[in-house]
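# Observations on the model geometry
Here is what each chain is made of, one letter per residue.
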Amino acid sequence: MSSINQYESIPNNVDLSTDKRLQRALEKWQPNFLSWWNDMGPEGFQKDQIYLRTAISADTEGWAHFDYVKMPDYRWGIFLTDPEPDRRIGFGDSYGQPVWQQVPGELRSQLKRLIVTQGDTEPASVEQQRLLGNICPSLYDLRNLFQVNVEEGRHLWAMVYLLHSYFGSDGREEAEGLLERRSGNPDKPRILGAFNEPISDWLSFYMFTYFTDRDGKYQLLSLAESSFDPLSRTCKFMLTEEAHHMFVGETGVMRVIQRACDLMKQGDDVRKLGGIDLPLLQRYLNRWYTVSLDLFGGEESSNAALYFGSGMKGRAYEKQYEDHVALDGTYAIPAPGADGVTTRDVPMRNAMNVVLRDAYSEDSQRGVDRWNKCIRENGIDFELKLPSPAFHRAIGLCAHMPFDPSGRLLNQAEFDRRKYEFLPSPEDEAYVASLMHGVYEPGKIANWIAPPTKGIKDKPFEFEYVRREAH
Ligand SMILES: [Fe+2]
Ligand SMILES: [Fe+2]
C-alpha cells in the first residue's frame, strides 16, 4: 500500500512531494482548473454544503470519505492503484514482456491522443450538466449530480497527471487545452460527439449516466489493460468511482419507470397525470444508446488494430480471452445489406472496436432487463429494447442510413416521416422540459419520478443531502 498524502495541496498517492518539478507544474495548473470549475461547473450551488464522497486512497477497503463540503473546496486528488509486481504485457505483439513505466518513443503521439481523448470527456460532461441543479427532482438527486460532477473533475486530474508526468511540454499544453475546449461550442467543441450534445433535463441525465458513462467504463477497462503501466493503474482506480455514476443512471431510469407504472394504475394517460410515458422513455433510450455506440468508433478500424497490436489498448477483461495476440481469426461486424443489417467478417484486430462495443451492449442489456422486470412486476405490458447498432448512427458503416430501430432499412422518405416514432420529438422534449422544476425540500420529490428505495451511505431519502445557504 503506497502512502497517501491527503494533507498536501494536491492529495495523492504518487509521492508528488518528491518530484518538485511535477508538483510545481500541477500547482500551476490547479488555479486554472478551479477557475474553469467556477465558470463551467454546476451553476448556482458553489456556496452550498454538499454531502459528498471524496477519494482519499486507492485502498479497496475504505477508499472514500463522506462529509459535507462546498464544491470549490473539494479535494481533487491523484490516485493510482498499487503497482502489480512484475506485471507483464497482456496482449498484442509484445505479449508477455514487462510493461512500460515510460512512454515508448514511437508510440508517444498515439498514447497522448488516447489520454487526451479520454481526458476531454471528463470536463465535457460537467459542462453538459451544469444547469441541471436548477431543475433537480430532489435533494438526493441533486447530491448525486454533484457527486458525479466532482468525480469527473477528479478524472480530469487523473489524465492531466499523466500528461504532465510523461509527456513534457506538449503534455502541459494539452492539459491547458482540456480546460479551453467547451461542450457544444462550435468554435472549440469537445473532441467526441456525444459530449457536445446538450443534457438539459433529468431524463437525459439518467440516460447519459447509464449509457454514456458506461462507454466510459468500457474505455477505462480497455485502458486498464494497457502496457503503459501508469495509465493502467490510473484507469483501474477511476473505474471504482465510475460504478456510482452508472448506478445513478440505472436507478434514475428505474424510478421514472416505477412512477410511470404507478400513474398508469391511476389512469391511462400518464402525461395527463404528469408522468413520463414509457414510449417516450424508449425514444430517449434510442437516442442515448446510439450516440454512445458512436463513441466506440468505426466498426472496421486500422487504428484499433494498431492500438491492440502495439499494446496500448486491450479488450475489456483481456484475461478472459484465450488468444491474446489475435492475429488469426475474424470477427463478425454489423454492416449494411440490401434491405437490412447483415454481418461481415473482418480480421480480429481490425474489429476490436466492435469487440469492445459488443461487450458494452451486453452490459447495457442487463439494466434494460431489470427495467423490464420492474414493468412486468407492475402488471404492465410493455418492453423496452436496445435498438439495432445500425440505427441512428453518425459513425461507422451504417452512418446516416435510414435504418429503423429493428435494423430494417427504410427509404429516406419513410424514415423522415416516421423519425419521431423512433427518436424524441420536439414535443417530447418540450413536455419533459415542462416537468422539470427544482425541488429542494428534504424528503420531497417531483411528481414524475419515484423516490429511491434507499439513500446514500445508509442515510434515509429524507436526509439533507445538500445544505443550501440562504438565497
Ligand atoms: Fe469519468
Ligand atoms: Fe463518469
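Notes on the structure follow. (Residues numbered from 1 in each chain as written. Chains lettered and ligands numbered in written order. Predicted model: local features only at pLDDT ≥ 70, side-chain atom pairs only at ≥ 80, totals over all residues.)

### Concerning the overall build of the protein
- When helices and strands are counted, the protein shows eleven helices and five strands.
- The C-alpha radius of gyration of the protein comes to 23 Å, within 12% of the 23 Å expected for a compact globule of 471 residues.
- C-alpha atoms of the protein, sized along the principal axes, occupy 65 × 65 × 40 Å.
- When each of the 471 residues of the protein is scored for burial, the buried share is 46%.
- Long-range contacts, defined here as pairs at least 24 residues apart, represent 69% of the contacts in the protein between residues at least 6 apart. (Helix = DSSP H or I, 4+ residues; strand = E, 2+ residues; numbered from the N terminus. Rg over C-alpha atoms; globule rule 2.2 N^0.38 Å. Buried ≥ 20, exposed ≤ 12 C-beta atoms within 10 Å, placed from the backbone. Contact = placed C-beta atoms within 7 Å.)

### So, the sheet that holds strand β5 (residues 466-467)
- Taken in spatial order, the three strands of this open sheet run β2-β1-β5, and their pairing is antiparallel. Looking at the sheet topology across the chains shown, the edges are occupied by β2 (64-70) and β5.
- Sheet topology places strand β1 (residues 49-55) next to β5; two bridges connect them, and they run antiparallel. Bridged to I50 within β5 is V466. (Pairing = 2+ DSSP bridges.)

### Brief notes about the nonpolar core
- Counting residues in each nonpolar core, the largest one holds 112 residues, and the members touching the most others are V160, M207, V256 and A260.
- Looking at this core element by element, the count peaks at 15 residues for helix α3 (residues 139-166).
- When neighbours within four sequence positions are excluded, V160 is seen to be in contact with W29, G119, A175 and L178.
- Ranked by size, the runner-up nonpolar core spans five residues in total, among them V341, A390, F391 and C398. (Core = buried A, V, L, I, M, F, W, Y, C linked by C-beta atoms within 7 Å.)

### Topic: helix α8 (residues 302-310)
- Here α8 has its buried residues at A304, A305, Y307 and F308. Viewed end-on, α8 has its buried residues packed into an arc of 165 degrees, placing them on one side of the element.
- Tucked inside the fold, the buried residues of α8 contact α9 (352-377).
- G311, located one to two residues past α8, shows a positive phi value of around 90 degrees. (Arc of directions from axis to C-beta.)

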